Amino acid sequence: METAIVSPFQYSLIYNAFSFTFATMAATTIFLWFGRSQVSAAYKNAVTISGLVTAIAAYHYLRIFESWESAYHYVNGVVSATGIAFNDAYRYVDWLLTVPLLLIELVLVMRLTREETVQKGWRLGLAAALMIVLGYPGEIASDIPTRALWGTLSAIPFVYIVWELFSGLGKSIERQPEAVRGLVKQARLLTFASWGFYPIVYMAPYANLAGPDVETVIQIGYTIADLIAKAGVGLLVFAIAARKSEVEAHGTPHAA
Ligand SMILES: *C/C=C(C)/C=C/C=C(C)/C=C/C1=C(C)CCCC1(C)C
């Protein structure tokens, strides 16, 4: 564990980011689950799962927030450690559950053939789980070589997922109704950009930063990426589902 302690500014920044993210994930869940009635039967699972992802994340952000709060005393403008360790494992447990679900929600909203859905869902889901499991030993390692080794191993399934999203799902995008192609591409781009952010944040300790600065970059970096990858992409999946339901029922979507 780091000996130096976060500054009052860093403590409050992270505290507020966790609190904000809990609220955003919870609100997105409510919106998505209520919105389920606005999409046709074919897309209900995609929307349900999008809400499940933000629900799981809301729970974990609440726990992460509580863990952060109990790891420090912040009294009279001075931050001191309580001796209770901040639990970083919540994040990885969260990812282990939510990352495969995120890929499945994307596959479901594309509405591929049953066979393609099952095949892509399994392959992407398993690769995602492998990526997270391999990343964890590196995340908690105290030395850079160990972190780099596990990070590199974790990058192998990561590259496979990115390739699958671009080439595999790319072909299916051409088969989507024209009215949603742009939205689907946006969802894929947002997924790609936010997912690409995680390994960059992971590399923060490689930079020559002080312990508390590394902690701040990691906590804030992962939190921003989670907001985009889960709430942002979830809302886009809902928009795609709603638009496709409309196109499939009436032929053309209403003007936005
Ligand atoms: C909601 C959470 C999401 C979408 C998490 C995604 C996480 C990643 C894409 C993590 C990737 C990593 C690597 C590619 C190498 C280093 C270790 C990880 C786990 C940070």
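As the structure is a computational prediction, the values presented were derived from the model and not from experiment.

Caption draft 1: Structural view of the nonpolar core. Counting 50 residues, the largest nonpolar core has I161, W195 and Y222 as its most contacted members. Of all elements in the fold, only helix 2 (41-71), helix 3 (89-110), helix 4 (114-140), helix 5 (144-173), helix 6 (178-202) and helix 7 (211-250) reach the threshold of two or more residues within this core. In terms of residues, this core owes the most to one element, helix 7, which gives 11 residues. Beyond its immediate stretch of four places on either side in the chain, Y222 contacts Y61, R91, Y92, W95, E139, Y198, V201, Y202 and V217. Membership of the second largest hydrophobic core comes to 19 residues, among which are F18, A58, A71 and Y72.

Caption draft 2: Structural detail: empty space enclosed by the protein. Scanning all chains against the criterion turns up 2 cavities of 30 Å³ or more. As for the largest cavity, its lining consists of L106, M110, L169, I173, V184, A187 and R188. Per-element tally for the lining of the largest cavity: the top contributor is helix 6, with 3 residues. Residue classes in the lining of the largest cavity are distributed as 6 nonpolar, no polar and 1 charged.

Caption draft 3: Highlighting the site of the ligand. Close contacts around the ligand come from 18 residues, with W95, S154, Y198, D226 and K230 the closest. Here the ligand loses 99% of its free accessible area of 530 Å² to cover by the protein chains. Going through the elements one at a time, helix 3, helix 4, helix 5, helix 6 and helix 7 are the ones with two or more residues in the shell around the ligand. For the shell around the ligand, the element with the highest residue contribution is helix 3, accounting for 5 residues.

Caption draft 4: Molecular detail of the layout of surface pockets. One number sums up the size of the second largest pocket: a volume of about 370 Å³. Lining the second largest pocket are 22 residues, and of these W95, M131, S154, Y198 and P199 sit closest to its centre. Put simply, the parts of the chain that give the lining of the second largest pocket at least two residues each are helix 3, helix 4, helix 5, helix 6 and helix 7. For the lining of the second largest pocket, the per-class residue count stands at 17 nonpolar, 4 polar and 1 charged.

Caption draft 5: View of the packing of helix 3 against helix 4. At a minimum axis separation of 9 Å, helix 3 and helix 4 run at an interaxial angle of 160 degrees. By the angle class used here, helix 3 and helix 4 are roughly antiparallel. Handedness of the crossing formed by helix 3 with helix 4: right-handed.

Caption draft 6: View of the pattern of salt bridges. Using the criterion set out here, one finds 9 salt bridges in the structure. Here D94 ties to K230 by a salt bridge, and the two come within 3.7 Å at their closest N and O atoms. With D94 in helix 3 and K230 in helix 7, this pair connects stretches of sequence that are 136 residues apart. The same class applies to D94 and to K230, which are both buried. Among the ionic pairs, E248 bridges to R111, the shortest N-O distance being 2.9 Å. In this pair, E248 sits in helix 7 while R111 sits in the loop between helix 3 and helix 4, placing the two residues 137 residues apart along the sequence. Each of R91, D94, D226 and K230 takes part in salt bridges that share partners, so that together they form one network.

Rules used throughout
- Residues numbered from 1 in each chain as written.
- Predicted model: local features only at pLDDT ≥ 70, side-chain atom pairs only at ≥ 80, totals over all residues.
- Heavy atoms only, no water.
- Core = buried A, V, L, I, M, F, W, Y, C linked by side-chain atoms within 4.5 Å.
- Buried < 20%, exposed > 50% of the residue type's maximum accessible area, 1.4 Å probe, protein only.
- Helix = DSSP H or I, 4+ residues; strand = E, 2+ residues; numbered from the N terminus.
- Contact = heavy atoms within 4.5 Å.
- 1 Å grid on protein atoms, 1.4 Å probe; cavity = no way out; pocket = protein on both sides within 12 Å on 5 of 7 lines; lining within 4 Å.
- Points joined across faces, edges and corners; volume = space filled by probe spheres on them.
- Nonpolar A, V, L, I, M, F, W, Y, C, P; charged D, E, K, R; others polar.
- Near = heavy atom within 4 Å.
- Areas by Shrake-Rupley, 256 points an atom, 1.4 Å probe, with all protein chains shown as cover.
- Axes fitted to C-alpha atoms, helices over the stretch in contact; angles between N-to-C directions.
- Parallel < 35°, antiparallel > 145°, perpendicular 65-115°, else oblique.
- Left-handed = near helix turned anticlockwise from the far one by under 90°.
- Salt bridge = Lys/Arg side-chain N within 4 Å of Asp/Glu carboxyl O.

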